[in-house]
Structures are given as structure tokens and as C-alpha cells.
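Now for the letters of each chain:
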Amino acid sequence: MAAKAICRQPKVNTDVFSEELEEKELDIKLDITKKSRRIKRPVSFADQHGRIMEEILPDAQINAQFIPKNPISRIIQCGPVYAENEVNTVRAEFISQGMNHCEGGWPKDVNPMEADQTMRFRKKVEKDETYVRTALNLAGMMESCIKQNNAIEIYEEYFTEIDEATDCEEPKAKTVNLFRDQEPGWNRPVSSIAWCPDDERIAITYCSQEFLGIQPGTPKTSFIFNIDDPTRPDTILKPPNHLVSSEFNPKDSNLLAGGCYNGQVCWWDARKNGIPEGVVNINQSHIEPVYKTKWVSSKTASELFTAST
């Protein structure tokens, strides 16, 4: 007789399982919304005190199994490792040779001691057509031989006499004025210097372009100096942020434009106080610092070109 075994599995309620899965998905799902005007705004970081997120204490049982090893021998190389290589260039070999040229090659009927006979024979040969071709061929061969010995000693003085036409003084420069940062207690790096095209004025801006180089509380002011008076600035510029670049207007020397570290662009009238005459809204400005400011050449000279990364 044959025995037949039947194995039945319990029926799983799929509807209940799917509902539990949806509830778990709702628990782990988090929607974050942000207004569009908050997108692509400059990020402002601040220093905060550290806090302990999780603390894991040592296991006493594992700590009891620790066996100290004494003594311990360890070798550490503290000195730097240097590699030394020697390279020698190929030396040029020079040979000094001489040549003795003797008078000869004249026909039998020509006496080389008579100047008249040799002169008539030279004129006769020079009128021959093959003479020019032969002379050109010999000239090329002779030129190549001469260039092989064309060597000059670079350390030898060939001309001991001083020529007034070629004699010139060594280039040198001296410091006329030293312009220091007028903010007391600060030593800010200079980001740009703009020369005024009409008079003797320069605009000096201060900003550190290194990562996290601007410390909290760093002054944002910049100055316009007269090159003859480095002790007192003519105008103190008060931008909304640290200035990275600046340039005077080529037609109106009283107008100065500058680009800020936060991406804004502003301009001043040097005849007034240091408050900007106009500032580009931060929503319409660059995201990165403005590294270059340039006035566009036009009839009105009222257009600007700014560059950023």
C-alpha cells in the first residue's frame, strides 16, 4: 500500500501585512519644505560649544581581561629620508688643427712669380661659366666646416672697453611711501589696489580670500589715499561686506566701483562720505566673492562688468 502525506501551510493575511508596512513607511518618512527665496543664499557659519551626542562606557568584564605588556620595545625613525642623485652632462670634445696653404696649381705656361701673368689667368678663369657653380659648391662646404668650430667661451671677456651706448644702470626701485591699515589693532591683507586715472589717488581694499580667513569682528572698511600723504586717508569706504576688488571710472574719476566677498556690487562717489551710492540686491548678486570689477568702455561709462567663480 502507498501512503500519501499532505502538508498544509497557514494562510497569511496580505492585507494586514501591507497596512503595517505602510504605517512603518509613514514613521520613517520626513518631508522638509523650504521657500524658494531661501535657496542659494550665502551660508553663515558660527562657532558653537561641543556637545556629547553618545557616550559608550567601557565594559568591566573586557577590561578585567586586559594584560599589560612590560617592557615594550619599538623602533621609530624621526629623521627625514633623503635621496642623492648625480647627473653629468655629455662633455663636448674639441680638437685644434692647423692647415698650411702653399701656392700651386698654376699651368706650366704661367709663372706664379709674375703678377701680370697670374692676373690674366685669373680673369680668364673668372669668365668661365663653370667657375661660378664651382665656387658656390665650395662655399657651402667651407661654411659647414667653419660652423663646426664656431664655439664661444661664455666666461671670457671679448670686449674690455666700455661702450657708452650699451652701458646702462642696473634696475632699482626705492620705497617712497608706506600705506598701513588705518584700523588700529588689525593687520588685514590687501585684496586689490586701484589707481585713479586723473589724479594722484589710490583705493586700497582689505579682505582675506583664504577659507575661514575672515575672523569675527573684522572691520569692513577700505580707504582712498593720496599717494603723497599715507598717514590720513581722503575717504573711508563703508561697504556692506568686505571688499575684494575695486576700480575707478575712466571718465569720472570720482566714481569707484567694488565687489564684495558675499557677491554684492556697490559704487561710491569720492566727493561724498564713504556710504555707497548704490548696492546691488543680494538676491540679484553673485553667490561667490566678486574677484574682478571692470568698467565697460561706452559713451556714458555707466556700465559695469563683474566676475566671480
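All residue numbers refer to position in the chain's written sequence, counted from 1. For a predicted model such as this one, the threshold for reporting local features is a pLDDT of at least 70, and the threshold for listing and counting side-chain atom pairs is 80 or more; totals across whole chains, interfaces and linings nevertheless cover every residue. Remark: hydrogens and water are excluded; side-chain values derive from all non-hydrogen atoms of the structure.

A.B. asks: Please explain unusual backbone geometry as it appears in this structure.
C.D. replies: Among all residues save glycine, negative phi is the norm, and among peptide bonds the norm is trans. Cis geometry is adopted by the peptide bond preceding Pro 71, which originates at Asn 70 and carries an omega value of 5°. Checked against the element boundaries, Pro 71 lands in the loop between helix H2 (60-64) and helix H3 (115-126). To qualify as a helix, a DSSP run of H or I must reach at least 4 residues; to qualify as a strand, a run of E must reach at least 2; elements of each kind are numbered from the N terminus.

A.B. asks: Would you explain the sheet that holds strand S6 (residues 255-260) in this entry?
C.D. replies: By the convention used here, strands pair only if DSSP detects at least 2 bridges between them. As summarised here, the arrangement of the four strands in space is S5-S6-S7-S8, forming an open sheet in which the pairing is antiparallel. Of all the strands in the sheet, just strand S5 (243-248) and strand S8 (278-279) have a single pairing partner and so form its edges. Both S5 and S6 contribute to a ladder of five bridges, which runs antiparallel. Pairing of Leu 243 across the sheet is with Cys 260, part of S6.

A.B. asks: Would you mind going over the side chain of Ser 191 with me for this structure?
C.D. replies: Along the chain, the position of Ser 191 falls in strand S1 (residues 190-195). Polar side-chain contacts of Ser 191 include one of 3.0 Å to the backbone oxygen of Leu 243. Here a polar contact is recorded for every N or O atom pair within 3.5 Å, except that within protein the pair must consist of a potential hydrogen donor and a potential acceptor, and residues adjacent in sequence are included only if both atoms are side-chain atoms. Within the structure, the side chain of Ser 191 is placed 3.2 Å from the backbone oxygen of Val 244, a separation counted as a polar contact. Two residues qualify as a contact provided that any one of their heavy atoms is within 4.5 Å of a heavy atom in the partner residue. Residues within four places of Ser 191 in sequence aside, it is in contact with Thr 205, Tyr 206, Cys 207, Gln 209, Leu 243 and Val 244.

A.B. asks: Can you walk me through the sheet that holds strand S2 (residues 201-206) in this structure?
C.D. replies: Across a sheet, paired strands are connected by hydrogen bonds in the backbone, their directions being either parallel or antiparallel. The strand order across the open sheet built from four strands is S1-S2-S3-S4, with neighbouring strands paired in antiparallel fashion. Looking at which strands have only one partner, the edges of the open sheet turn out to be S1 and strand S4 (235-237). Averaged over all pairs of adjacent strands, the angle between their axes in this sheet comes to 20°, without regard to strand direction. A fitted line through C-alpha atoms represents every axis, and for helices the fit uses only the stretch in contact; the resulting angles, taken between N-to-C directions, go from 0 to 180 degrees.

A.B. asks: Sorry, what's going on with the environment of Pro 240 here?
C.D. replies: Tracing the chain through its elements places Pro 240 in the loop between S4 and S5. C-alpha of Pro 240 to C-alpha of Tyr 261: the two residues are 21 residues apart in sequence and 9.6 Å apart in space. Once you skip the residues sitting within four places of it in the chain, Pro 240 turns out to touch Lys 220, Cys 260, Gln 264, Cys 266, Pro 276 and Val 279.

A.B. asks: Looking at this structure, how should I read the nonpolar core?
C.D. replies: Buried together is how nonpolar side chains tend to be arranged in soluble globular proteins. To qualify as a nonpolar core, a set must consist of buried Ala, Val, Leu, Ile, Met, Phe, Trp, Tyr and Cys residues joined through side-chain atoms within 4.5 Å. Residue exposure (1.4 Å probe, protein chains only): buried if accessible area is under 20% of the type maximum, exposed if over 50%, otherwise partly exposed. If you look at the biggest cluster of nonpolar residues, it comprises twelve residues: Ala 194, Cys 196, Ala 203, Ile 224, Leu 237, Leu 243, Phe 248, Leu 256, Cys 260, Cys 266, Trp 268 and Ala 270. Among the elements of the structure, S5, S6 and strand S7 (265-269) are those that each provide at least two residues to this core. Ignoring sequence-local partners within four residues, the contact set of Leu 237 consists of Thr 221, Ser 222, Ile 224, Leu 243, Leu 256, Trp 268 and Gly 274. Ile 202, Ile 204, Tyr 206 and Phe 223 belong to the second largest nonpolar core, which has five residues in total.

A.B. asks: Can you walk me through the packing of aromatic side chains in this structure?
C.D. replies: Working definition: rings of Phe, Tyr and Trp (its six-membered ring) pair if their centres are within 6.5 Å, and the pair is stacked with planes under 30 degrees apart, edge-to-face with planes over 60 apart, and tilted otherwise. This structure, assessed with the given rule, holds four aromatic pairs. Between Tyr 206 and Phe 223 the ring centres are 5.9 Å apart and the planes differ by 70°, which places this aromatic pair in the edge-to-face class. Of this pair, Tyr 206 sits in strand S2 while Phe 223 sits in strand S3 (residues 222-226), and the two are 17 residues apart along the sequence. Centre to centre, the rings of Phe 223 and Phe 225 are 5.9 Å apart; their planes meet at 55°, and the pair counts as tilted. Across the pair, exposure class does not vary: Phe 223 and Phe 225 are buried alike. Aromatic ring contacts, followed pair by pair, group Phe 179, Tyr 206, Phe 223 and Phe 225 into a single cluster.

A.B. asks: Honestly, the side chain of Asn 262 in this entry has me stumped. Any pointers?
C.D. replies: Here Asn 262 is to be found in the loop between S6 and S7. With a relative accessible area of 14%, Asn 262 lands in the buried category. Of the polar contacts made by the side chain of Asn 262, one reaches the side chain of Gln 264; its length is 2.9 Å. If near-sequence neighbours (up to four positions away) are discounted, Asn 262 is found in contact with Asn 241, Ile 282, His 286, Ile 287 and Glu 288.

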